[in-house]
Amino acid sequence: MARPTKFRRVEFFPEDDYFVPWGKPKCQFEEMTLKVEELEAMRLKDIEDLNQEECAEKMQVSRQTFQNIIDSARKKVATALTEGKAIRISGGHYTTTHCKFKCAECGTIYEINYDVDRAVCPSCGSDKVMCNKKAGFCKNWCRGNNTNLNIE
């Protein structure tokens with residue numbers, strides 16, 4: 001049996017999450033989905049100029065996993081650019097320290113892991129969770145019930 005996928009640590013969330021080729025009607029292009037952790041890998045390596053080991057450490061994955069993530073990301077971006085496809089940044093298997101959640105059922109406060117667009121309390125299993133929303137990106141990037149809640 002395969003090991004479960006480890007959540008990747010992400011620190012950056014883009015303001016814009018959809019890019020389209022200029023001058024093509026929407027009905028004429030295909031779409032590539034770039035996962036949030038793939039964008040983070042490219043940001044760390046290509047913009048922050050960190051080496052592979054530093055990138056892997058920041059994302060809390062092995063160097064090989066980091067290499068697999070960035071290879072996939074670069075291939076998707078290159079394909080989209082050369083074939084005139086749109087790029088949607090969405091989904092993935094990641095976690096962040098930017099946002100805390102609180103369970104409305106049991107009151108547990110926790111960091112959320114993003115997987116299959118679900119937010120479930122790790123203590124009681126309830127899906128009645130609320131986002132802190134102190135970070136400005138929450139309206140776009142948090143899953144579940146996006147209720148404004150001040151959690152310290």
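All of these numbers come straight from a predicted model, not from anything done at the bench.

Cut-offs applied
- Residues numbered from 1 in each chain as written.
- Predicted model: local features only at pLDDT ≥ 70, side-chain atom pairs only at ≥ 80, totals over all residues.
- Heavy atoms only, no water.
- Helix = DSSP H or I, 4+ residues; strand = E, 2+ residues; numbered from the N terminus.
- Salt bridge = Lys/Arg side-chain N within 4 Å of Asp/Glu carboxyl O.
- Buried < 20%, exposed > 50% of the residue type's maximum accessible area, 1.4 Å probe, protein only.
- Pairing = 2+ DSSP bridges.
- Contact = heavy atoms within 4.5 Å.
- Axes fitted to C-alpha atoms, helices over the stretch in contact; angles between N-to-C directions.
- Phe/Tyr/Trp six-rings, centres within 6.5 Å; stacked < 30°, edge-to-face > 60°.
- Core = buried A, V, L, I, M, F, W, Y, C linked by side-chain atoms within 4.5 Å.

Engineer: Residues and numbers for the overall build of the protein chain, please.
Structural biologist: On a plain count of helices and strands, the protein chain comes out with four helices and seven strands. Ordering the α and β elements of the protein chain from the N terminus gives β-β-β-α-α-α-β-β-β-β-α.

Engineer: Tell me about the pattern of salt bridges, residues and numbers included.
Structural biologist: Applying the stated criterion across every chain yields a total of 10 salt bridges. A salt bridge links Glu-31 to Arg-88; its shortest N-O distance comes to 2.9 Å. Separated by 57 residues along the polypeptide, Glu-31 in strand E3 (residues 31–34) and Arg-88 in strand E4 (residues 86–89) bring together distant segments of the chain. For Glu-31, a relative accessible area of 37% gives the class partly exposed. Classification of Arg-88 as partly exposed rests on a relative accessible area of 31%. For Glu-38, the salt bridge identified is with Lys-76, shortest N-O distance 3.0 Å. Here the residue Glu-38 occupies a position in helix H1 (residues 36–47), and Lys-76 occupies one in helix H3 (residues 63–83), the gap between them amounting to 38 residues. Per residue, the accessibility class of Glu-38 equals that of Lys-76, and both read buried. Among the charged side chains, a network of salt bridges with common partners joins Glu-11, Glu-40, Arg-43, Glu-48 and Lys-58.

Engineer: Pulling in residues and values, what's your account of unusual backbone geometry?
Structural biologist: Within the chain, Asp-49 stands out as a residue other than glycine whose phi angle is a positive 60 degrees. When you line up the elements, Asp-49 lands in the loop between H1 and helix H2 (52–59).

Engineer: With reference to specific residues and values, describe the pairing of E4.
Structural biologist: Two elements, strand E2 (residues 18–19) and E4, share two bridges in a ladder whose sense is antiparallel. Directly across from Phe-19, in E4, lies its bridge partner Ile-87.

Engineer: Now, about the environment of Ile-87: what can you tell me, with residues and values included?
Structural biologist: Within the secondary structure, Ile-87 sits in strand E4. Residue Ile-87 is classed as buried on the basis of its relative accessible area of 13%. Separated by 70 residues in sequence, Ile-87 and Asp-17 have C-alpha atoms that sit 8.0 Å apart. When near neighbours in sequence (up to four residues on either side) are disregarded, Ile-87 contacts Asp-17, Tyr-18, Phe-19, Met-32, Leu-34, Val-77 and Ala-80.

Engineer: Hey, could you go over the sheet that holds E4 for me, with residue numbers and the actual values?
Structural biologist: Pairing is mixed in the open sheet, where three strands are placed in the order E2-E4-E3. Each edge of the open sheet carries a strand with a single partner, namely E2 and E3. H1 rests against E3 and E4 of the sheet, and its axis sits at about 70 degrees to E3.

Engineer: An account of the packing of aromatic side chains is needed here, citing residue identities and associated values.
Structural biologist: The tally for this structure, following the rule as stated, stands at one aromatic pair. Note on Phe-13 and Tyr-94: the rings are 6.0 Å apart at their centroids and 50 degrees apart in plane angle, and the pair reads as tilted. With Phe-13 in the loop between strand E1 (8–9) and E2 and Tyr-94 in strand E5 (residues 94–103), this pair connects stretches of sequence that are 81 residues apart. Take Phe-13 and Tyr-94: they sit in the same class, and that class is buried.

Engineer: Give a detailed account of the nonpolar core, specifying residues and quantitative values.
Structural biologist: Leu-34, Val-36, Ala-41, Met-42, Met-59 and Phe-66 are the most contacted members of the largest nonpolar core, which has 23 residues in total. Every element with two or more residues in this core is listed here: E3, H1, H2, H3 and E4. Each residue touching Phe-66, except ones within four places of it in the same chain, is listed here: Ala-41, Lys-45, Gln-52, Cys-55, Ala-56, Met-59 and Val-61. The next biggest cluster of nonpolar side chains, apart from the first, holds five residues, and it includes Phe-101, Tyr-110, Cys-121 and Val-129.

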